[in-house]
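One-letter residues, chain by chain:
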Amino acid sequence: MERVLKLRRRQNIIGWGFVLPASLMIFIFYFYPIARAFVLSFQTGVGVNLKYAGLFNYQRLLADNLFKKSLGNVFIFLIIQVPIMLLLALVLASLLNDKNLRFRGFFRTAIFLPCATSLVSYAIIFRSMFALDGFVNAVLTNLSLISRPINWIGQPWTARIVVVIALTWRWTGYNMIFYLAGLQNIEPSIYEAAFIDGASGFDQFFRITIPMLKPIILLTTIMSTNGTLQLFDETMNLTNGGPANATLSVSQYIYRLSFQYSPRFGYAAAISFVIFALVAVLAFIQMRVGDTR
Amino acid sequence: MKRKLFKGLKYLVLLVTSLLSLFPLLWMFVSATNTSVDILTGRLLPGSHLAENFRNLLAKADVGRALWNSLRNASVATIASLVVCSIAGYGFEVYHDKGKDFLMRILLLSMMIPFAAIMIPLFMMFGRADLLSTTTAFVLPTVSTAFLIFLFRQSARYFPKDIIEAARIEGMGELGIFFKMYVPIMRSTYATAAIITFMGAWNSYLWPLIIMQEPESITMPLLISNLIAGYVTDYGALMLAVAISVLPTIVIFLALQQNFAEGIISSMK
């Protein structure tokens, strides 16, 4: 008996040995920096010459129009792009969730393929396609849909539209995969019964598919919100935040404050902490709303 | 009649969406073989200027070095991540007790932390450690992720416990059981984790943008991003650079699509 206990103790210690290296790294590279960012947000100065300044950074934040603008931009993307993308992904997933569908594998792969493209790469592809003298304008002009080329990237709202189109192109297939997995857990007999009862495809989508997938829709909403609030690679390479900061994201503003202008680490940390709080609060709200029926 | 119409509409929607999904990628590959002028006037056929674009690209950017750096960084990141996270995931499942379960829950909270919120402290850490522009700095912050630990913990759940007991009776050590029994059986989980980690590291942009400051440490995403600076863009050379950086991930994706999808989905279990 004592030998067994001793063996268990030994195994327990070995177990800690297995989990500690990875755990320590998460503490060092995630938890310590977020705590450090919090402390930093109460300091001011240039570069690493920092001194405590209380709530100064947060007060400055409230009067910073560029910060408000970047936050507004991110919310514009969030409110317009995320619902369009998720609805599209849902529709595509329910169309693909049909064992008798021909070319199913081709459709699935084609729609999923944009996920294999890096964020920088697709941003640059879209930037090139929507350039003033670029492919999209050439096609639209040839089809006589427009008389003069549209300066897509050069005007605030068209630039935002291009970002929305690009984001939707890259991420719809990604979300569709989640929904497809979720749909496989729904009994086909439910749809059959609904069909016999005379429910149209439209009814089936809104009365069966959406309610049954609610937890997954919630998950993808949280992920997309999280991703949009952290938007960086796309706006940096597609529009460089322009024109007139109409597509500047908060992450890009933090990057500019820290690494392009004279480094204001304290102030940038205050902004980054706001993002952290927003991600947490929005996830919490979405979970609350998603749980009620 | 109505059903037939619906069916036709269904195929039409799927076909149009598929073509829209493929088009930008096809356009990019085709454009890599055309001149800037052809690309801008909307040419959609493969041209004969691939070699010329290649020469122009090499004159502007050190593609060889960037490719090598990206490959080395992504490989080191993948191997290190797989070793560290799979041992931890296995440990959290096989030796689980109250303490370790609690620790795991804490670790999962790290998934809520946006990278933008921690990049400045991380940059300061690596600056102080004098590790800027090194593979170590590129790799270290993302070696251990709660997501991968979780993935391996879930897969260890399906690893038969009898095998572990039997191996212990045979006198096999705990590490031996992990390497000789668990690792070979869980090959598909490793494949999934490898694809996700490799693609993430190969495509990563913001962290290298901050940390890889020496020209010698440039990676593919940084190289492409640098090509759009300046007034005149050589679209042929630019699309060739994009094609070079995207081709490996597309090949991996097409070959291992199932693993990739499983990896994405496992994040919601």
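These numbers come from a predicted model, not from an experiment. (Residues numbered from 1 in each chain as written. Chains lettered and ligands numbered in written order. Predicted model: local features only at pLDDT ≥ 70, side-chain atom pairs only at ≥ 80, totals over all residues. Heavy atoms only, no water.)

### What about a positive patch on the surface?
The condition is simple: Patch rule: a residue counts if its relative accessible area is over 30% and it has no salt bridge; like charges are joined within 9 Å, and nonpolar side chains (Val, Leu, Ile, Met, Phe, Trp, Tyr) within 5 Å. Residue-level accessible areas treat just the shown protein chains as cover; the underlying method is Shrake-Rupley with a 1.4 Å probe. Definition used for salt bridges: Asp or Glu carboxyl oxygen within 4 Å of a side-chain nitrogen of Lys or Arg. Positive charges are assigned to Lys and Arg, negative charges to Asp and Glu, while His and the chain termini are left out of the count. Lysine's charge is taken at NZ, arginine's at CZ, aspartate's at CG and glutamate's at CD. In this text, helices come from DSSP runs of H or I with a minimum length of four residues, and strands from runs of E with a minimum of two, each type numbered from the N-terminal end. Note on exposure labels: buried denotes an accessible area under 20% of the residue type's maximum, exposed denotes more than 50%, and partly exposed covers the range between, all computed with a 1.4 Å probe on protein chains only.
On the surface, R102 of chain A together with R3, K4 and K7 of chain B cluster together to form a positively charged patch. You can see K4 of chain B is positioned in helix α1 (residues 2–31). According to the relative accessible area criterion, K4 of chain B is exposed, its value standing at 69%.

### Focus on helix α11 (residues 187–203) of chain B
The condition that has to hold: Here, expected helix span is obtained from the residue count minus one, scaled by 1.5 Å.
For α11 of chain B, spanning 17 residues, the distance from its first C-alpha to its last is 24 Å, which sits close to the expected 24 Å at 1.5 Å a residue. Looking at α11 of chain B, one finds that the buried residues are T189, Y190, T192, A193, I195, T197, F198, M199, A201, W202 and N203 of chain B.

### What to know about the pattern of salt bridges
All names here are of chain B. With the rule as written, the count across this model stands at seven salt bridges over all chains. As a salt-bridge pair, E165 and R168 come within 3.3 Å of each other at their nearest N and O atoms. Of this pair, E165 and R168 both sit in helix α9 (residues 161–169), three residues apart, which is roughly one turn of that helix. E165 sits in the partly exposed class, given a relative accessible area of 38%.

### Quick word on the domain arrangement of chain A
Residues and elements named next belong to chain A. For clarity, the threshold we go by: What fixes the domain bounds is an automatic or database domain assignment. In short, buried area is how much 1.4 Å probe accessible area vanishes from two parts on joining, totalled over both.
With domains assigned, chain A is organised as domain 1 (2–40) and domain 2 (65–291). A separation of 37 Å is found between the C-alpha centroids of domain 1 and domain 2. Across the domain 1 to domain 2 interface the summed buried area is about 410 Å²; carbon plus sulfur atoms make up 84%. Considering only the side of domain 1, the residues that lose the most area to domain 2 are I34, F38 and L40, jointly responsible for 81% of the buried surface there. Inspection of the domain 1/domain 2 interface yields zero salt bridges.

### Examining the packing of aromatic side chains
We count it as follows: Aromatic rings from Phe, Tyr and Trp, with only the six-membered ring used for Trp, were paired whenever their centres fell within 6.5 Å, and each pair was classed as stacked if the ring planes differed by under 30 degrees, edge-to-face if by over 60, and tilted otherwise.
What the rule picks out here adds up to 40 aromatic pairs over all chains. Taking 5.0 Å as the distance between ring centres and 65° as the angle between the ring planes, the aromatic pair formed by F112 of chain A and F253 of chain B counts as edge-to-face. Note that F112 of chain A is positioned in helix α4 (residues 104–112) and F253 of chain B in helix α14 (residues 235–255), a pairing that runs across two chains. Measuring from ring centre to ring centre gives 5.5 Å for F232 of chain A and Y255 of chain A, while their planes differ by 70°; the resulting arrangement is edge-to-face. Placement of the pair is F232 of chain A in the loop between α10 (214–229) and α11 (233–238) and Y255 of chain A in helix α12 (residues 250–260), with a sequence separation of 23 residues. F232 of chain A gets classed as buried once you look at its relative accessible area, which sits at 3%.

### Things to note about unusual backbone geometry
All names here are of chain A. Positive phi, close to 60°, is recorded for F103, a residue that is not glycine. Position of F103 among the secondary structure elements: in the loop between α3 (65–96) and α4. A positive phi angle is found at S144, which is not glycine, with a value near 60°. According to the relative accessible area criterion, S144 is exposed, its value standing at 60%.

### Overview of the nonpolar core
Rules: Nine residue types can take part in a nonpolar core, namely buried Ala, Val, Leu, Ile, Met, Phe, Trp, Tyr and Cys, and a core is a set of them joined through side-chain atoms within 4.5 Å. Whether two residues touch is decided by their heavy atoms; if any such pair falls within 4.5 Å, the residues are in contact.
Core analysis: the largest hydrophobic core is formed by 185 residues, its most contacted members being Y179 and I271 of chain A together with Y90, I149, Y182 and L223 of chain B. Looking at this core, the element that brings in the most residues is α3 of chain A, giving 14 residues. Taken together, domain 1 (2–40) and domain 2 (65–291) of chain A each give at least three residues to this core, which thus spans both. Excluding residues that lie within four positions of it along the chain, L223 of chain B makes contacts with A61, D62, V63, A66, I218 and A241 of chain B.

### Examining the interface of chain B and chain A
Often the size quoted for an interface is simply the accessible area lost on bringing the parts together. Formally: For the purposes of these results, a polar contact is taken to be a pair of N or O atoms within 3.5 Å, where, inside protein, one atom must be able to donate a hydrogen and its partner to accept one; residues adjacent in sequence count only when each atom of the pair is a side-chain atom.
Contacts between chain B and chain A engage 89 residues on the former and 85 residues on the latter. Roughly 7900 Å² is buried in total at the junction of chain B and chain A, and carbon and sulfur atoms are behind 78% of that figure. Inspection of the chain B/chain A interface yields one salt bridge. The shortest N-O distance in the salt bridge between D98 of chain A and K10 of chain B comes to 3.0 Å. Inspection of the region where chain B meets chain A yields 13 residue pairs in polar contact (both at pLDDT 80 or more). With 16 residues, the top contributor of residues to the side of chain B that touches chain A is α1 of chain B.

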